[in-house]
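Close look at the chain arrangement
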Amino acid sequence: MGVTYTRAGDLQRVRNRSTSITLGERLLLLTSAAVVLAILLAYAGRIRAEQFGEPHAPLPINLNTQTKTDALEVPLATVFTYPADRRFAARVVAAHLQPAGAPRRALPNVGALARIDVPVEALERDRSLVVLRERLESARLAAVAAKRDPPQTIALLNSNDLSSLKPFLSVRTQDEFRSAVLWCGLVILVSFHLVSLLWRLRGMTGDRVLLSLALLLVGIGFALMLSRPDPIRDTLLLTRYTQGIVIGVLLFGAVSMINVERAAFRDWSYVPLVGALILSVLLLVFGSGPGSSSAKVNLGPIQPIEAIRFFLVLFLAGYFARRWELLRQAGAPRLHHVLPVLAGVAAALMLFFVQKDLGPALLLSLMFLAMFAVARGGAWLAGAGCAGLAAGFAIGFFLNISATLAARLQMWQSPWDNAGRGG
């Protein structure tokens with residue numbers, strides 16, 4: 001009698017072609033309902049705060065639909081008390097919003113008005129201006145004191161002007177905001193359920209618990225983005241957030257189609273490590289810090305630290321997945337089984353310390369210890385590593401090895417005493 005062998009994974013794929021709703025699919029539906037509720041509550045709270053913030057305030061002028069100078073003069077009266085300055089500023093703003101012979105310029109937020117500059121020649125020609133000419137003279141005196149060339153342009157509005165103007169201006173209506181929330185939320189939910197549907201059509205089990213947890217985190221982030229910025233005046237981040245989430249979910253669905261047991265890249269665990277080290281070296285050589293900080297986190301217009309973390313996670317996961325049986329041998333694991341991963345992690349940690357970016361170093365250490373505990377099947381070695389890690393950071397704090405680390409811990413210990421410098 002002939003014997004036919006079927007792989008367990010293939011048998012599982014066939015068994016899972018069922019018409020009934022699985023427990024994982026129910027969990028995803030329940031998570032979706034919770035996310036919808038969170039979004040609705042965040043939206044309602046933000047709209048209510050907008051409606052009851054100033055109940056007697058006039059309707060704000062939408063800068064993306066209004067170009068008449070007479071209408072723009074009304075809010076500008078709050079910062080320009082002289083009629084000549086007010087009329088001049090209204091003409092400049094209207095010309096900025098609707099350039100001659102060009103499409104209308106859409107502002108992402110009210111603060112974009114700070115980018116409007118006025119040529120010095122225009123201010124010198126108009127002798128009736130008062131406030132703007134005073135600002136021009138102040139800018140010239142500041143340039144002389146700093147031994148710089150005299151300014152060719154000055155900003156039409158400063159930060160104090162924008163703070164006074166913001167309640168009377170907007171860049172979108174509440175209906176536009178509601179429509180954006182509706183479509184962005186719907187697209188995110190559909191993308192997650194498309195992955196679940198793809199698994200069902202392919203007869204795959206899929207990890208819907210992981211998918212549900214990811215949806216829950218995405219929903220929390222979505223709700224936070226609704227509750228923090230001003231819905232009609234600030235930059236609407238929901239569109240970019242939704243695009244990133246959808247791309248990530250689609251990549252997640254595509255990668256889940258790969259049969260890891262048969263994939264050739266299982267033996268390529270050192271490739272992500274090499275990529276992480278190359279990015280770290282580039283960051284160390286060509287990177288720069290935010291502001292005056294000596295930490296190197298910027299590589300041109302991007303911050304590659306997230307890619308470095310991702311590559312290191314792939315390296316750790318790939319290495320431990322291929323050697324977990326060797327690591328679970330009785331007693332302590334042999335040195336040659338853990339030496340490669342220890343060397344890779346040590347090299348990455350050294351680069352992080354040279355870059356003076358201790359956050360990724362701490363995260364990498366914790367990821368290594370957690371994955372080692374899973375691969376080892378026991379937590380006592382990982383626990384000892386965590387204790388050593390905590391002791392190392394404590395010693396570094398008391399010895400003031402890192403001024404940034406010491407300052408952050410001091411601000412955490414007494415935040416009310418550090419409000420002026422960031423606490």
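Now for a quick tour of the structure. (Residues numbered from 1 in each chain as written. Predicted model: local features only at pLDDT ≥ 70, side-chain atom pairs only at ≥ 80, totals over all residues. Heavy atoms only, no water.)

Bringing the overall build of the chain into the picture now. A tally of helices and strands in the chain yields 16 helices and 4 strands. Taken over 423 residues, the chain has a buried fraction of 37%. As presented, the chain carries roughly 25200 Å² of accessible surface, and 65% of it is formed by carbon and sulfur atoms. (Helix = DSSP H or I, 4+ residues; strand = E, 2+ residues; numbered from the N terminus. Buried < 20%, exposed > 50% of the residue type's maximum accessible area, 1.4 Å probe, protein only. Areas by Shrake-Rupley, 256 points an atom, 1.4 Å probe, with all protein chains shown as cover.)

Under the criterion given, the structure shown has 4 aromatic pairs. Ring geometry for W199 and F252: centres 5.9 Å apart, planes at 65°, overall edge-to-face. Remark: F252 occurs in helix 10 (residues 238-256) and W199 occurs in helix 8 (residues 174-201); sequence separation between them is 53 residues. Overall, the relative accessible area of 2% leaves W199 in the buried class. When the centroid spacing of 6.2 Å and the interplanar angle of 45° are considered together, the rings of F310 and F311 count as tilted. For F311, a relative accessible area of 28% puts it in the partly exposed group. (Phe/Tyr/Trp six-rings, centres within 6.5 Å; stacked < 30°, edge-to-face > 60°.)

Right, let's talk about the environment of L327 for a bit. With respect to the secondary-structure elements, L327 resides in helix 12 (residues 305-327). Remark: the alpha-carbon pair of L327 and A373, spanning 46 residues in sequence, is separated by 9.9 Å.

A few words now on the side chain of S32. Topologically, S32 is positioned in helix 2 (residues 23-53). Overall, S32 belongs to the buried group, its relative accessible area being 7%. Excluding residues that lie within four positions of it along the chain, S32 makes contacts with L189, H193 and L215. (Contact = heavy atoms within 4.5 Å.)

A few words now on the packing of helix 9 (residues 208-227) against helix 10. Their axes nearest at 11 Å, the elements helix 9 and helix 10 cross at an angle of 175°. Taken together, the axis directions place helix 9 and helix 10 in an arrangement best described as roughly antiparallel. Every residue of helix 10 that contacts helix 9 at L210, L211, L217, V218, G221, F222, M225 and L226 is listed here: L238, Y241, T242, I245 and F252. Counted by class, the contact of helix 9 with helix 10 contains 11 nonpolar, 2 polar and no charged residues. (Axes fitted to C-alpha atoms, helices over the stretch in contact; angles between N-to-C directions. Parallel < 35°, antiparallel > 145°, perpendicular 65-115°, else oblique. Nonpolar A, V, L, I, M, F, W, Y, C, P; charged D, E, K, R; others polar.)

Structurally, S280 can be placed in helix 11 (residues 270-286). A residue is classified by how much of its surface remains accessible, and S280, at 3% relative accessible area, is buried. One polar contact links the side chain of S280 to the main-chain carbonyl oxygen of A276, over a distance of 2.9 Å. (Polar contact = N/O pair within 3.5 Å; in protein donor to acceptor, adjacent residues only side chain to side chain.)

Let us look at helix 9. Owing to its 3.6 residues per turn, the α-helix aligns residues three or four sequence positions apart on the same side. The terminal C-alpha atoms of helix 9 lie 28 Å apart, and with 20 residues this matches the ideal 28 Å at 1.5 Å per residue to within 8%. Along helix 9, the residues that are buried comprise R208, L211, S212, L215, V218, G219, G221, F222, A223 and L226. Capping the start of helix 9 is the job of one residue whose side-chain oxygen sits 3.4 Å from the backbone nitrogen of V209: D207. (Expected span 1.5 Å × (residues − 1).)

It is worth spelling out the pattern of salt bridges at this point. Inspection of the entire model under this criterion finds 9 salt bridges. Here R200 ties to E25 by a salt bridge, and the two come within 2.8 Å at their closest N and O atoms. Residue R200 is located in helix 8, and its partner E25 is located in helix 2; the two are separated by 175 residues in the primary sequence. With a shortest N-O distance of 2.4 Å, R178 and D175 are connected by a salt bridge. Residue R178 and its partner D175 are located together in helix 8, separated by 3 residues, close to a single helical turn. R178 gets classed as partly exposed once you look at its relative accessible area, which sits at 41%. (Salt bridge = Lys/Arg side-chain N within 4 Å of Asp/Glu carboxyl O.)

This part covers helix 8. The end-to-end C-alpha separation of helix 8 is 40 Å, in line with the 40 Å expected for 28 residues at 1.5 Å each. Among all positions in helix 8, only F177, A180, V181, C184, G185, I188, L189, S191, F192, V195, S196 and W199 are buried. Positive phi shows up at G203, right after helix 8, with a value of about 70°.

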